[in-house]
Every structure is written in C-alpha cells, then in structure tokens.
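Spelled out from the first residue to the last, the chains are:
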Amino acid sequence: MMYVLIALGVFLLDSNIKNYIEQNIRIGEKKEILKGKIIVKREYNSGFCLNILDNSIDFVKKLSAVVFAIIVLAYIFMLPKKRNRIKKLGLSLCIGGAASNLRDRFSKDKVLDYFSFNIKPIEHIVFNLADIFILIGSFIIYLSSIFGKNDSIKEADNEKVW
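Overview of the structure. The structure presented is a predicted model; accordingly, all values stated were derived computationally and were not measured.

1. Re the overall build of the chain
A tally of helices and strands in the chain yields four helices and three strands. Its helices and strands taken in sequence order, the chain reads α-β-β-α-α-β-α from the N to the C terminus. Within the span of the chain, comprising 162 residues, buried residues form 36% of the whole. Residue pairs in contact within the chain that sit at least 24 positions apart in sequence constitute 64% of those at least 6 positions apart. As displayed, the chain offers around 10,300 Å² of accessible surface, 66% of which is attributable to carbon and sulfur atoms. Of note, the chain has its 24 positive side-chain charges centred 4 Å away from the centre of its 16 negative side-chain charges.

2. Topic: the sheet that holds strand β1 (residues 30–33)
Strands belonging to one sheet form pairs held by backbone hydrogen bonds; the direction of such a pair is parallel or antiparallel. Pairing in this open sheet of three strands is antiparallel, and the strands run β1-β2-β3 from one edge to the other. Only two strands of the sheet have a single partner each, and these edge strands are β1 and β3 (111–117). Direction aside, the axes of adjacent strands within the sheet are offset by 35° on average. Pairing analysis gives four bridges linking β1 to strand β2 (residues 38–45), with the strands arranged antiparallel. Residue K31 lies in a different strand from β2, and its bridge partner there is V40. Here helix α1 (residues 2–24) sits on the sheet in contact with β1, β2 and β3, set at roughly 85° to β3.

3. Topic: helix α2 (residues 57–78)
For α2, with 22 residues, the first-to-last C-alpha span of 31 Å sits near the 32 Å given by 1.5 Å per residue. Along α2, the positions that sit buried rather than exposed are V60, K61, S64, Y75 and M78. Looking straight down α2, one finds its buried side chains confined to an arc of 115°; they lie on one side. Facing away from the buried side of α2, by more than 90 degrees, are the exposed residues D58, K62, I70 and F77. Considering only its buried residues, α2 is in contact with α1 and α3 (85–108).

4. Observations regarding the packing of α2 against α3
At a minimum axis separation of 10 Å, α2 and α3 run at an interaxial angle of 150°. One finds that α2 runs roughly antiparallel with respect to α3. Like other packed secondary-structure pairs, α2 and α3 cross with a definite hand, here left-handed. In this structure, α2 contributes V60, K61, S64, A65, F68, I71, V72, Y75 and M78 to the contact, and α3 contributes K87, K88, L91, S92, I95, A98, A99, L102, R105 and F106. Split into classes, the residues belonging to the contact of α2 with α3 amount to 13 nonpolar, two polar and four charged.

Reading the values: the criteria
- Residues numbered from 1 in each chain as written.
- Predicted model: local features only at pLDDT ≥ 70, side-chain atom pairs only at ≥ 80, totals over all residues.
- Heavy atoms only, no water.
- Helix = DSSP H or I, 4+ residues; strand = E, 2+ residues; numbered from the N terminus.
- Buried < 20%, exposed > 50% of the residue type's maximum accessible area, 1.4 Å probe, protein only.
- Contact = heavy atoms within 4.5 Å.
- Areas by Shrake-Rupley, 256 points an atom, 1.4 Å probe, with all protein chains shown as cover.
- Lys, Arg positive; Asp, Glu negative; His and termini not counted.
- Charge placed at Lys NZ, Arg CZ, Asp CG, Glu CD.
- Pairing = 2+ DSSP bridges.
- Axes fitted to C-alpha atoms, helices over the stretch in contact; angles between N-to-C directions.
- Expected span 1.5 Å × (residues − 1).
- Arc of directions from axis to C-beta.
- Parallel < 35°, antiparallel > 145°, perpendicular 65-115°, else oblique.
- Left-handed = near helix turned anticlockwise from the far one by under 90°.
- Nonpolar A, V, L, I, M, F, W, Y, C, P; charged D, E, K, R; others polar.

This is the structure in structure tokens:
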C-alpha cells in the first residue's frame, strides 16, 4: 500500500504544481528561484523528451499509453511480493510521474513543462517534476538491477522459516 501512496503522492504533487503554473504564470513569463539557479516558466510539449515527435501527437499518446500500461502491469504483479522493495520504489516514482504526464497528454494533447536549470548547456531544456520523478525512478530501478542480487538474497533469507 505504501508504494501506491508514493505513486499517488507524486501524481498529486506534479498535478497541483501544473495547475498552479497554468493559473499564475503566462506563457513566456519567467520567474527565478533559488538565486536564479532555477527558472520557472510555462511551456508545452506535444512530443516526447526534447520535443521528439512533436508533430505526431496521436502516435505519442498511443505509445505513451501502451508503455504506461505495461509498466503498471509489471507493478501490479510485483506489489504483492515481499521482495524488490527498491524496484517497487523506483516503479512508484515512475508511475506517479508518468500518470501525471499521461493525463496531460490525453486532456490537453500536450504536457506542461515548467522549470529549467540556469546552466548554460541545458538551460533551454524545460522539465516538470513528473519528468524528474521518472528519471529518478528509472535510475533507482537500474541501480537495483545491478546491485539488487544481494538485497534479494537477504530478503529471501529473512522470509525462510527455520
């Protein structure tokens, strides 16, 4: 249940920030926070990351929905098991972020992105919090795949009844 709450929390956090941005920041307006290190703005993206396939809205929506469904199915099968806590955390972050972006895609045909880092090589890339959670969740899943064997062995040992 904890993992479902994490996914729901990520979804609600990003959705509420998106609602705030849409109501309070005009397109093209910029606000600096954290001493100018982060720029808050309102931009939309119809494609994948970095506007890839920006002109293929229907394809992007369908592919996003299929990938989301596959991840949710894997999540549903993994949740009842006692193992893979770290992977479950990573999947929870990914699912919460993906659900928020998917909701945007189907309700608006585009995803609201609202901040960028004021660092020269990447200052033109605009993200939303859902993107960050998807990135962090994916990284956690990747790390657990590399280092998770020891964790699974320890968890399996704890489950044995001697």
